[in-house]
Amino acid sequence: MDAYYKDKGSWNRSDRLFRALALDGRMERRARRGSGPYVISLTGGGGKTSLIRRLAWEGMEQGLKVFVTTTTHMAVPLRLGVFSGSGQDVKEMLDREHAVVAGQTNGAGKISYMGDGAYGSLCPLADLVLVEADGAKRLPLKVPRGNEPIIPDNTDLILCVSGLSAAGSLAAEKCFRLDAAQRIMEAHGRKDYNGGEGGPWRITLEDMGCLMRYGYLEPLRAQYPRTEVLPVWNQADTRELGLAAAGLLDEMKEDGGIAAGRLLGEESAGLF
């Protein structure tokens with residue numbers, strides 16, 4: 001796993017998301033403000049579940065109890081799942097495995113949100129809560145509609161994810177909520193994004209930065225002014241893509257943003 005992050009003005013590479021996101025320091029500051037777990041909500045597309053697995057795996061390595069859930073839908077986990085809604089069942093799994101994936105099964109190979117009451121009662125059992133707060137139909141790029149994403153009120157950090165595999169591809173094949181993306185491009189993007197003559201829209205890194213800013217970063221920062229909101233360029237699976245993502249973050253003036261890659265098939269891939 002590779003994570004690219006900026007520290008003291010220079011780009012660095014690590015094999016730890018915790019280091020790239022400075023999570024140890026963030027969690028310590030959160031603990032000084034009061035009791036309760038540190039909560040990260042992930043939005044967008046392009047590998048949210050892989051990032052959640054990796055964050056959970058790194059947290060477990062440090063002895064943290066990690067609670068994974070969703071406010072929308074995510075695949076039924078192969079391991080660590082608790083679907084009863086029972087706090088005792090969740091506690092037993094956390095005590096035994098140091099991680100749990102909890103939600104309601106819907107009979108379609110997915111789990112869904114357990115409800116505010118159950119979520120609120122289960123969070124205090126963990127040190128770290130990871131929430132899949134958006135759905136993208138397994139596409140690498142998404143622009144949300146008005147009622148998306150669904151962010152729990154106790155969220156400390158929102159990660160807005162996009163997959164670099166979308167770059168160079170046709171938007172119609174790689175972008176979820178294409179109509180919303182086109183509206184952003186019309187208002188804020190390059191004027192020739194559609195080929196200049198109504199032709200097919202092929203996504204560039206510039207386009208992805210535009211969609212990230214106006215689809216996620218600015219709206220979420222306005223809606224949650226006390227919550228940190230950071231971009232994550234995922235699928236930076238080569239050094240060249242990592243450098244391109246770093247350059248894009250520099251252009252966006254997003255010093256806290258990161259790029260991540262090589263998550264498929266690494267140690268955390270089989271966690272749940």
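Residues numbered from 1 in each chain as written. Predicted model: local features only at pLDDT ≥ 70, side-chain atom pairs only at ≥ 80, totals over all residues. Heavy atoms only, no water.

Concerning the overall build of the protein chain
Put simply, the test is: Only DSSP runs of H or I covering at least 4 residues are called helices, and only runs of E covering at least 2 are called strands; the numbering of each starts at the N terminus. Taken over C-alpha atoms, the radius of gyration is set against a globule rule of 2.2 Å times the number of residues to the power 0.38. Note on exposure labels: buried denotes an accessible area under 20% of the residue type's maximum, exposed denotes more than 50%, and partly exposed covers the range between, all computed with a 1.4 Å probe on protein chains only. We call two residues in contact when some of their heavy atoms are within 4.5 Å. Reported accessibility uses the Shrake-Rupley method at a 1.4 Å probe radius. Residues are deemed covered only where the shown protein chains occlude them. Only four residue types enter the tally: Lys and Arg on the positive side, Asp and Glu on the negative side, with His and both chain ends excluded. Where a charge lies is defined by one atom per residue type: Lys uses NZ, Arg uses CZ, Asp uses CG and Glu uses CD.
Scanning the protein chain from N- to C-terminus turns up nine helices and 15 strands. Its C-alpha radius of gyration of 18 Å places the protein chain within 12% of the 19 Å reference for a compact globule of 272 residues. For the protein chain, the C-alpha atoms occupy an extent of roughly 60 × 45 × 35 Å along the three principal directions. Out of the 272 residues in the protein chain, the part that is buried amounts to 51%. Within the protein chain, counting contacts between residues at least 6 apart in sequence, those at least 24 apart form 73% of the total. In the form shown here, the protein chain has an accessible surface area of approximately 12,400 Å², with 47% of it arising from carbon and sulfur atoms. Of the charged side chains in the protein chain, 34 are positive and 35 negative; the average position of the first set lies 1 Å away from that of the second.

Considering the sheet that holds strand β8 (residues 104-105)
Formally: What makes two strands pair is DSSP finding at least two bridges between them.
On the basis of which strands lie adjacent, the open sheet formed by three strands has the order β5-β9-β8 and antiparallel pairing. Of all the strands in the sheet, the pair left with one neighbour each is β5 (73-75) and β8. With three bridges connecting them, β5 and strand β9 (residues 110-112) associate as antiparallel partners. Bridging across to β9, M74 finds its partner in I111.

As for unusual backbone geometry
Cis geometry marks the peptide bond from E148 to P149; its omega dihedral reads -15°. With respect to the secondary-structure elements, P149 resides in the loop between β11 (141-142) and β12 (157-163). With a phi angle near 50°, A22 is a residue other than glycine that sits in the positive phi range. Its place among the elements puts A22 in the loop between α1 (17-20) and α2 (23-33). We note that K137 has phi near 55°; this positive angle belongs to a residue other than glycine. Within the secondary structure, K137 is located in the loop between β10 (128-132) and β11.

Thoughts on the packing of aromatic side chains
Stated formally: Here is the rule: rings of Phe, Tyr and Trp (six-membered ring for Trp) pair when centre to centre is within 6.5 Å. Planes less than 30 degrees apart are stacked, more than 60 are edge-to-face, and the remainder are tilted.
Considering all chains together, one arrives at three aromatic pairs under this definition. Taking the centre distance of 6.4 Å and the plane angle of 35° together, the rings of F67 and Y119 count as tilted. Separated by 52 residues along the polypeptide, F67 in strand β4 (residues 66-70) and Y119 in helix α5 (residues 116-122) bring together distant segments of the chain. You'll find F67 and Y119 in the same group, each marked buried. Between Y193 and W201, the ring centres sit 5.0 Å apart and the planes meet at 85°, which makes this aromatic pair edge-to-face. A single burial state applies to Y193 and to W201, both of which are buried.

Regarding helix α8 (residues 205-223)
Count 3.6 residues to each turn of an α-helix, and residues three or four apart come out pointing the same way. Basically, it comes down to this: In this scheme, a helix's expected span is set at 1.5 Å multiplied by one less than its residue total. The angle between axes fitted to the seven residues ending at a residue and the seven residues starting there is what we call the bend at that residue.
Relative to the 27 Å expected for 19 residues at 1.5 Å per residue, α8 spans 26 Å between its end C-alpha atoms, a close match to the ideal helical length. At R213, α8 shows its largest bend, some 40°. Residues of α8 that are buried: D207, M208, G209, C210, L211, M212, R213, G215, Y216, L217 and L220. In this structure, the buried side of α8 is in contact with β3 (38-44), β11, β12, α7 (178-188), β14 (228-234) and α9 (239-252).

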